[in-house]
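Structural characterization, general
Each chain, letter by letter, is given below.
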Amino acid sequence: MKKYECDPCGYVYDPVEGDPDNGVEPGTAFADIPEDWVCPVCGAGKEEFSEIE
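Now for the overall build of the protein. Of the regular secondary structure elements, the protein holds zero helices and three strands. For the protein, the sequential pattern of α-helices and β-strands runs β-β-β. Here the C-alpha atoms of the protein give a radius of gyration of 10 Å, agreeing with the 10 Å that 2.2 N^0.38 yields for 53 residues. For the protein, the C-alpha atoms occupy an extent of roughly 25 × 25 × 15 Å along the three principal directions. Here the protein, with 53 residues, has 36% of them falling under the buried criterion.

What follows is the structure, encoded as structure tokens:
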């Protein structure tokens, strides 16, 4: 699964780790995160993230 970086702040969403503090279980692909999820660091929406090669 691919990692995604928050463009405004640089936070990296790693699907292996998920974001359990905000209800996203480890192993959750970025595409499967709820649309209302926001960056846990700066609050940016999913549309502000870019796939990391």
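With that settled, consider the sheet that holds strand E1 (residues 4–6). Taken in spatial order, the three strands make up an open sheet running E2-E1-E3, and their pairing is antiparallel. The outermost strands of the open sheet, each flanked by one partner alone, are strand E2 (12–13) and strand E3 (49–51).

Take the side chain of Asp14 next. Tracing the chain through its elements places Asp14 in the loop between E2 and E3. Of note is the side chain of Asp14, whose polar atom sits 3.0 Å from the backbone nitrogen of Val16.

Inspection of the secondary structure puts Glu5 in strand E1. Along the primary structure Glu5 and Glu17 are separated by twelve residues, whereas in three dimensions their C-alpha atoms are 14 Å apart. Those residues in contact with Glu5, other than ones at most four positions away along the chain, are Gly10, Tyr11, Val12, Glu48, Phe49, Ser50 and Ile52.

Mapped onto the secondary structure, Asp19 falls in the loop between E2 and E3. Nearest to the buried, unbridged Asp19 among oppositely charged side chains is Lys46, at 12 Å. Those residues within four positions of Asp19 in sequence are excluded, and the remaining contacts are Tyr11, Tyr13, Val24, Trp37 and Pro40.

Quick notes on the rules
- Residues numbered from 1 in each chain as written.
- Predicted model: local features only at pLDDT ≥ 70, side-chain atom pairs only at ≥ 80, totals over all residues.
- Heavy atoms only, no water.
- Helix = DSSP H or I, 4+ residues; strand = E, 2+ residues; numbered from the N terminus.
- Rg over C-alpha atoms; globule rule 2.2 N^0.38 Å.
- Buried < 20%, exposed > 50% of the residue type's maximum accessible area, 1.4 Å probe, protein only.
- Pairing = 2+ DSSP bridges.
- Polar contact = N/O pair within 3.5 Å; in protein donor to acceptor, adjacent residues only side chain to side chain.
- Contact = heavy atoms within 4.5 Å.
- Lys, Arg positive; Asp, Glu negative; His and termini not counted.
- Salt bridge = Lys/Arg side-chain N within 4 Å of Asp/Glu carboxyl O.

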